[in-house]
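So you can see what is in the structure, the chains are spelled out below.
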Amino acid sequence: MNRRYRHTIIAGNWKMNKTAKETKEFAEEMKKLWTVRPKWCDTVICVPACNISTATKAFKELRIAVGAENVYFEPNGAFTGEIAADMLSDLNVKYVIVGHSERRQYFGETDQTVNKKVHAVLNAGMSPIICVGESLEEREKGITDELIALQVKSALSGVSAEQVRRCVIAYEPVWAIGTGRTATAEQAGEVCKNIRSTIRTLYGARVSRSITIQYGGSMNEKNAKELLAQPDIDGGLIGGAALVPEKFLAIINAANQDQE
Ligand code: 13P
């Protein structure tokens, strides 16, 4: 983390988990446990679309921003089952996850659709959390840096320097998601550093210094502190551990520690 230049953001990604009732129960539990407000980090939870309204009400007092897990890039029309960016911003959504590897893998999302979604989110006044990451096979082939640079450049194609300040990048190695196999702090820190240098090439030093880059992939209450100690890791995108109030809170507390 480097709080001098950028926000630390701890975001949960609930994926396809929790009903409206369970969302309210989570909020009640958080209220009981959460005694000290985080001074140094922003908190977000991205929930299934059907629970956005419930979550917005339930998390209001906790000051946890509500995010969405996906969006469609067209503004309206005959796209059965899809949700447009304006519909999300209308519900007070602040962040939208775009290009999560599960969407790339199971729902045919490509670098091109990710780019369109990034524009849709920005045009609706929200912040995209843009996920990038390599598979185990790609890592073993030694093409991680190239591949991630390409994913970042494609996602940001046509995005202005003004708009990019609202973007969050999440580095999520596919092999670390839901597997309990976390990237080492050094591995994660190295890729996040390279992402920042790609942003520097595209937008210059000032913008690259101010952009929040998260790590995601089996981040938990035990490894968060070490990962967040890396200078280029400015937060986390957390799956499994964000479903459990005690664990999510422990990660927030790790991000909220005083920094020399
Ligand atoms: P896990 O924390 O469960 O590995 O999930 C990470 C993730 O995919 C967040 O978007």
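Residues numbered from 1 in each chain as written. Predicted model: local features only at pLDDT ≥ 70, side-chain atom pairs only at ≥ 80, totals over all residues. Heavy atoms only, no water.

Peer 1: For this particular structure, what's the right way to read helix H5 (residues 111–123)?
Peer 2: Since the α-helix advances by 3.6 residues per turn, residues separated by three or four positions end up pointing in the same direction. When the terminal C-alpha atoms of H5 are compared, their 18 Å separation across 13 residues agrees well with the 18 Å that a helix rising 1.5 Å per residue should span. By the burial criterion, the buried members of H5 are Val114, Asn115, Lys117, Val118, His119, Ala120, Val121 and Leu122. Where H5 terminates, the next one or two residues include glycine 125, which has phi positive at roughly 85 degrees. (Helix = DSSP H or I, 4+ residues; strand = E, 2+ residues; numbered from the N terminus. Expected span 1.5 Å × (residues − 1). Buried < 20%, exposed > 50% of the residue type's maximum accessible area, 1.4 Å probe, protein only.)

Peer 1: Would you take a moment to explain the packing of aromatic side chains for this structure?
Peer 2: Aromatic rings in a pair are described by how distant their centres are and how their planes are angled relative to each other. Counted by the stated rule, this structure contains seven aromatic pairs. With centroids separated by 4.9 Å and ring planes inclined at 80 degrees, the aromatic side chains of tryptophan 14 and phenylalanine 26 adopt a geometry described as edge-to-face. With tryptophan 14 in the loop between strand S1 (8–13) and helix H1 (20–33) and phenylalanine 26 in helix H1, this pair connects stretches of sequence that are 12 residues apart. Residue classification places tryptophan 14 among the buried positions, given a relative accessible area of 0%. The ring centre of phenylalanine 107 lies 4.3 Å from the NZ or CZ of arginine 103, which sits over that ring. (Phe/Tyr/Trp six-rings, centres within 6.5 Å; stacked < 30°, edge-to-face > 60°. Lys NZ or Arg CZ within 6 Å of the ring centre and 35° of its normal.)

Peer 1: For this particular structure, what's the right way to read the sheet that holds strand S4 (residues 95–98)?
Peer 2: Paired through their backbone hydrogen bonds, the strands of a sheet run either parallel or antiparallel. Spatial strand order, S1-S2-S3-S4-S5-S6-S7-S8: eight strands in a closed barrel with parallel pairing. Sheet twist, expressed as the average angle between the axes of neighbouring strands with direction ignored, equals 25 degrees. By the bridge criterion, six bridges tie S1 to strand S2 (residues 41–47) in an arrangement that is parallel. Along S2, the bridge assignment pairs alanine 11 with valine 44. Of the strands in this sheet, S2 and strand S3 (65–68) are in contact with helix H2 (residues 52–59), which crosses S3 at around 165 degrees. (Pairing = 2+ DSSP bridges. Axes fitted to C-alpha atoms, helices over the stretch in contact; angles between N-to-C directions. Contact = heavy atoms within 4.5 Å.)

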